[in-house]
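Listed below, chain by chain, are the residues.
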Amino acid sequence: MTETLSYADALKILGCKDSRLVKVVDFAATAALTGWALAGGADLALGLRDLQEDAVRYGNDVVRRVPEWRSGAGRFARTQRLAAVHAVVIVSAYFEALGQAGLPFGLDRLDRDRAGGGTRAAAFAELVAKLLTEPLPRPEPHRPYAETREAVEHHYRRMSEAVAVYVREVAVWDELSADERVRVPVLLVEGPSAHALRIYDEDYRSLTLDSPEFRMWSLVTETQTFAPGLSRVARLLAELAPPRVGDRPMIHLVRLAAAALDQSLMAVGRAPDDVTLPLLGEGYISPRCKVAEMTGECAPAVKSWWKSRLELADAEAFLVGHLTSPHATQAPLVVLGEPGSGKTKLTEVLAARLAASEFLPIKVELRDVAAESSVISQIEQGISPVLPEKVKYQDLVEAADGMLPVVMLDGFDELLQAADTNRYDYLEQVQEFQDEQSRLGRPVAVIVTSRTVVADRVRFPQGVLTIELQPFEKEQVRQWLEIWAETNRPVLSRRGRTPLPADVALAQGELARQPLLLLLLAIHDAADNALQRDEAVPGRGRLYESLIRGVADREIVKNPEARALPAARRHGLVDRELVRLGTVALSMFVRGRAVVSEAALDRDLPALCGAPGDERQDEGGWARRATERFFFVHADDTGHYEFLHATFGEFLVAWLAVYALRDLVRRHGRDEDLAGQLVDDDLLYAVTSFSCLAERGPTVGFAMELLGALPAEIRARSVTLLSALLRESLHERPRRSFLAFRPVRHPVPRRLAAYSANLTLLVVAASDKPVSVSELLHDSGDFARWSSYAHLWKSQLGGEGWTGLIGALPARRVVDGGRRDIRLGGSAESWEFEGAGWWFGRAKPVARTRTLGRYRSYALEERPYLLNVDADLLTDSLHADDEAHPSLVVVQRTSGQVVSCTRLVEEVLMNRPSSAEARVALYADAIAAVSAFQTLRSRRLLDLVLRALTLEGPAMPFQDRAGILGGLAADGVDPALWRPVLESMFFERSDSWEILLRAGVPEAVMREVRTP
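About the thresholds
- Residues numbered from 1 in each chain as written.
- Predicted model: local features only at pLDDT ≥ 70, side-chain atom pairs only at ≥ 80, totals over all residues.
- Heavy atoms only, no water.
- Buried < 20%, exposed > 50% of the residue type's maximum accessible area, 1.4 Å probe, protein only.
- Helix = DSSP H or I, 4+ residues; strand = E, 2+ residues; numbered from the N terminus.
- Contact = heavy atoms within 4.5 Å.
- Pairing = 2+ DSSP bridges.
- Axes fitted to C-alpha atoms, helices over the stretch in contact; angles between N-to-C directions.
- Phe/Tyr/Trp six-rings, centres within 6.5 Å; stacked < 30°, edge-to-face > 60°.
- Lys NZ or Arg CZ within 6 Å of the ring centre and 35° of its normal.
- Parallel < 35°, antiparallel > 145°, perpendicular 65-115°, else oblique.
- Left-handed = near helix turned anticlockwise from the far one by under 90°.
- Nonpolar A, V, L, I, M, F, W, Y, C, P; charged D, E, K, R; others polar.

- Per an unreviewed UniProt entry, the chain is named NACHT domain-containing protein, and its organism is Nonomuraea guangzhouensis.

What about helix α35 (residues 798-808)?
Stage number 1. Those residues of α35 that sit buried are Glu800, Gly801, Trp802, Gly804 and Leu805.
Stage number 2. Looking at the packing, one finds that the buried side of α35 touches α18 (412-418), α32 (748-766) and α34 (784-796).

Concerning the pairing of strand β12 (residues 811-816)
Stage number 1. Taken together, the 6 bridges between β12 and strand β13 (residues 819-824) define a ladder with antiparallel strand orientation. Within β13, the residue paired with Arg812 across the bridge is Arg823.

Observations concerning the sheet that holds strand β10 (residues 640-643)
Strand pairing in a sheet relies on backbone hydrogen bonds, with the paired strands running either antiparallel or parallel.
Stage number 1. With antiparallel pairing, the 3 strands of this open sheet are ordered in space as β8-β10-β9. Both outer strands of the open sheet, β8 (595-597) and β9 (633-635), are each paired with one neighbouring strand and no more. Ignoring strand direction, the axes of neighbouring strands in this sheet form an average angle of 25°.
Stage number 2. Sheet topology note: the β8/β10 ladder contains 3 bridges and is antiparallel. From the neighbouring strand, Val595 faces β10, where its bridge partner is Glu642.
Stage number 3. Lying over the sheet, helix α26 (residues 598-609) contacts β8 and β10, oriented at roughly 80° with respect to β8.

What about the side chain of Asp410?
Stage number 1. With respect to the helices, strands and loops of the structure, Asp410 is situated in strand β5 (residues 404-410).
Stage number 2. Given the relative accessible area of 3%, Asp410 is considered buried.
Stage number 3. Setting aside residues up to four positions removed in sequence, Asp410 forms contacts with Thr344, Thr347, Lys363, Val364, Glu365, Leu366 and Thr449.

A few points about the environment of Ile995
Stage number 1. Mapped onto the secondary structure, Ile995 falls in helix α44 (residues 992-999).
Stage number 2. Along the chain, Ile995 and Phe958 lie 37 residues apart, while their C-alpha atoms are 8.7 Å from each other.
Stage number 3. Ile995 has contacts with Phe958, Gln959, Ala962 and Arg989, leaving out every residue within four places of it along the chain.

Digging into unusual backbone geometry
Stage number 1. In this structure, Asn529 takes a positive phi of about 55° despite not being glycine.
Stage number 2. Structurally, Asn529 can be placed in the loop between α22 (515-528) and α23 (540-556).
Stage number 3. According to the relative accessible area criterion, Asn529 is buried, its value standing at 9%.
Stage number 4. One non-glycine residue, His778, lies in positive phi territory at about 55°.
Stage number 5. Relative to the assigned elements, His778 resides in the loop between α33 (773-777) and α34.

Focus: the packing of aromatic side chains
Stage number 1. Throughout the structure, instances matching the rule amount to 24 aromatic pairs.
Stage number 2. Considering the side-chain rings of Phe690 and Phe741, the 5.7 Å spacing of their centres and the 85° angle between planes classify their relative orientation as edge-to-face. Note that Phe690 is positioned in the loop between α29 (682-688) and α30 (697-708) and Phe741 in the loop between α31 (712-728) and α32, a separation of 51 residues in sequence. Of the two residues, Phe690 and Phe741, both sit in the buried class.
Stage number 3. Grouping aromatic residues by their ring pairs yields a cluster made of Tyr544, Phe630, Phe631, Phe632, Phe643, Phe648, Phe651 and Phe702.
Stage number 4. The ring of Trp305 has Arg309 lying over it, and the distance from NZ or CZ to the ring centre is 4.1 Å.
Stage number 5. A cation over a ring is seen here: Arg625 above Trp622, with NZ or CZ 5.3 Å from the ring centre.

So, the packing of α32 against α34
Stage number 1. Where α32 contacts α34, the axes come no closer than 9 Å and their chain directions differ by 120°. Considered as vectors, α32 and α34 are oriented oblique to each other. Seen from above, α32 lies across α34 with left-handed handedness. In this structure, α32 contributes Pro749, Arg750, Leu752, Ala753, Ser756, Ala757 and Thr760 to the contact, and α34 contributes Tyr789, Leu792, Trp793 and Gln796.
Stage number 2. Grouping the amino acids of the contact of α32 with α34 by side-chain chemistry returns 7 nonpolar, 3 polar and 1 charged.

This is the structure:
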C-alpha cells in the first residue's frame, strides 16, 4: 500500500517554525500513545481558537511561498514539499471554514474548562489527534480531480464529526438550549465541510498556476493533442525544472545512453531497401492508455477486464504527473501491452526525454540479466555495458546529486522465459527495493513492462498502478502514416510507388492498430504497393511471411543467375533463406533467450541447414550469411544476434515447424497405409523436440494461422501422419539424422516430452474440428496412454511449457454415446463440469441417495513425491480417520449426480441453493451420505449438517424438516445429534407434535425433549 501524509508530516517536511503549531502537533502525536496528562496537556496553552488561527495563517503563508518550495532542491525533495503543501492546504481550508461556521458560540468558549484535566481535556487531545495526525487525501495522476475532491470532502466530514463529538464533552454543550443542541451538530457536519471544500477549490486552482505538478497530478490538463516522440513530456518537464548541466562523467554516460531520439524507429541491423525509417523522436506516436490501481480482485491478464477501466485523457501528462508524485517512489508502475504495442519504445522515448531533465533514467533489458538475481543486482548488470568500469547502484545514485533515478525494467515476460523458477513475487521484490532505498535516503521510481498475457504470473501488491497500452485509433493511424509518407515520398516516387494511404491501411483491420504491425504493413506495401492493389493481408502471420519472403526474394534476384530461374526454383531458394532464419530463431527459442551468440549459430546452422558433403559445412560465417540480408536481425559489437522484436522469432519458429511438417507430407503424401513403416520425421523431430512451442503463446497462434492457410487435403494428410507419429513418439528410434544439431543438452525424457506435446499441438491445429483422444491415441477406456503423456509433459516441460500447453491445448472430458472420451481443441472444460460423474457414471434419478462406496485415495502419500502446491491445497480436506489411507465417500444423489460426501457438506455450509425444494433435496442427500458410515469423522460432519438445518428454521417447510428427522430415526441415528433440530421445531406450530409423530419421530424421544 502507498502512504499519504498527515498534517503533522507536512509540517515536518516544510520545516515549520511556528512554535505553537509544532508544539500542538507533537502533543497530539504523544497523547495518542500516552494520554493527555503524560503528553504534557496541562502545560499546553494553545486552544482550539488558537489552533484555528495559527493553521489558517500558516496555510496562507505556505500557498504564498509555493514558488519557493519548488526551488533549491532535488526532484524527490521537491515532490515531498509539494505533497506537504497540499496537506497543509486541506487542513487550513477546514479551519478557515470552521471559524466562519456561524455557531451559537465562539471557538474560544470551547477551551474554558480544559485546563483542569479529566475527560474534557482528554477529549481535546483526541480531537487534535484526529484533526492533525490522520492521513490526508492527495491528488494522483490516474484519478480525475473530481475523485480527489470527493475524498477531501469525505475527510472534511470526518473532521466535522470529530469537532461535534468534542463539543458534546465541554461545558458549552450544557449551556445550549434544546433547539441549539439539535442545530449545532448539523451546522458542524454540513456547514464547515461545504465551505472548506470551496476554499480548497480556490487554493488548488492557485497551486496549479504556481506549480504545474498540481495540474498533472489531477489530470487538470488539456485534452491530449498530437505530438510525436513524447515531445509534450519534454515540454512539461521543462516547466518543472531547467535542464541540468555539469554532471559527473558516469552520470553523463548513463544519460547519454538513454538519448535515443535521433536513432532509427527500429534498431535494425541493415535498413530495409528503398525505404527510410523515421527517427524515434519523430516516428513514435504517444500511446493511448488505460489505467487501474491494483486490488486483490483485479484480473489484468484478462483482455475483457480492461474494457471498463479508465482511459487516460493525456498519457504524457500522466507519465510526468506520476514520476513527480510520491506514488512513484512507493510502488512500481507496470506497463502492459500486446506484442508490438510499443512497450519497449515507450521506455526508450521516455528515457530520452527524462535524460534532459532532473531525472536519471536507467534502462534495464531484463532478457540480458540473470533472471534469478536480486533487483539491485539486475540494475547493476543493466548499466554495466554503458560504463567503463563496474559501478555499484549506490555510487551511481550518489553521483547523481539530487536527480531522481527512474529504473525501467523492460520485458518481465522475457525474464519469466529465462528463469528456472517462477517469479511470482517479482513486483513485491521491486517494491521492497523501493522501500529499502527510501529508508536509505535514495528514493527511486521504477517502471516494469510486460506482455499482458503473463500478468497472471505475478502477484500485484495492493495499490500498484498499472497501465495497458491500447491499439491505435484511426486518427493515430493517419498521423503515423503522414509521418511515414513525409519521410518516404521522395524515395518511393523514384520507383513509381506511393506511400501507404491511411484508408488502405485501416482496411486491414487490427493489423493496422498495433504500432509494429502498422510499420510492417507500410514496409510491405512499399515494395510494390501490393496493399494498394487490393491484395489484402489475411492475418498477422501471413504479414510476417509476406514481408520476410519479399525481403529474401529481392535479395535473391539481385543475382542475375537467380533472376533467370523458374518461379518454383526461386521459391525454393526463398524457403532456404527462411529455414536458416528459422534456425536462428529456434536457437534462441530453445535456449530461452532473446539473443544468441555468433559462435552458437555457427554450430547450429550447419547442423540443421547444411547439406551432406557441403564444403562450407565446417566454415565459419554461417550466422552472418543467414542474417545479413534481413533488416529485422541486429548484430551487436560483441557478436550477439537478436530480432528487432520478439514476434519475429516467434513467427519464424512456428514457420520452421510448419515447414518441417510440409516436408514430411511431401515425402509421405502418397503412402496409403503407414502401418509398419518407419516415417522419416527426422527434421520435424530436430525442430520440435527441444522446447514446447506453447512456451511462447504467439508461436502456437502463428502455427495455427499457417496451417489454416494450407489446402484441406494437405491438412488432412498432416493429421494422419502426425497422429501416427504421436502414437510411436515415445518408442526408441535406432537412427536419426541431424544429430549434430544440439543447441541445448536435454535428457531424453525431456526431448520426448517436447516432441510428443508439439505433435499433439500440431494435430489439433491442423484439424477442422476438436480431436478425440481415444481416436488419436487408440486409447482404452481408462485413458492410460493419455494420462502417461500428460504426466510426462507436466514433469518435463517446466512451468512455462506446461502452463503454456494447457492454455494452448484446451481439453474437456465428454460422454458420447455412453462412452467416455476427451476432446482436444475448441472450448476448455468448465468449472461446473461433474468430474466424479465422468469417472463413476451418471445414472437416472433415484428415490433416495445411494452410497457407491469409499474411494481409497493415495493423494496424501503422493504429495512428497509430486511436490505440487495445487495438490497440497486441494487435499487439505482429506483425512485418514483411523485408516492407513484416506478415503472419500462417493454417493449418487437423488438427481443421479455422482459427488463426494465432502462436496455435499460444503454445499450445505457455503453454497446452499435459493429454492426451498432444492435445499430440502440437498439436506437429504448430505445426511444420507454422512450417516452411511459410522466413523468419528462422519459423526462430526452429520453434526455440522444438522446444525445448519436447525438454523434454517421456517425458511424450510416444516413438513420437509419433519420428514428428515423421521428418516434419521428410521436409520437409527443417535437422537442426541438431531435433538437441536427437534427442539427448534416444537413451538413453531401448534400441531407440531402430530406432524412429527406422523413423520416417524418416536414419541419417546419427543417426550424426553419436552420434559423440563
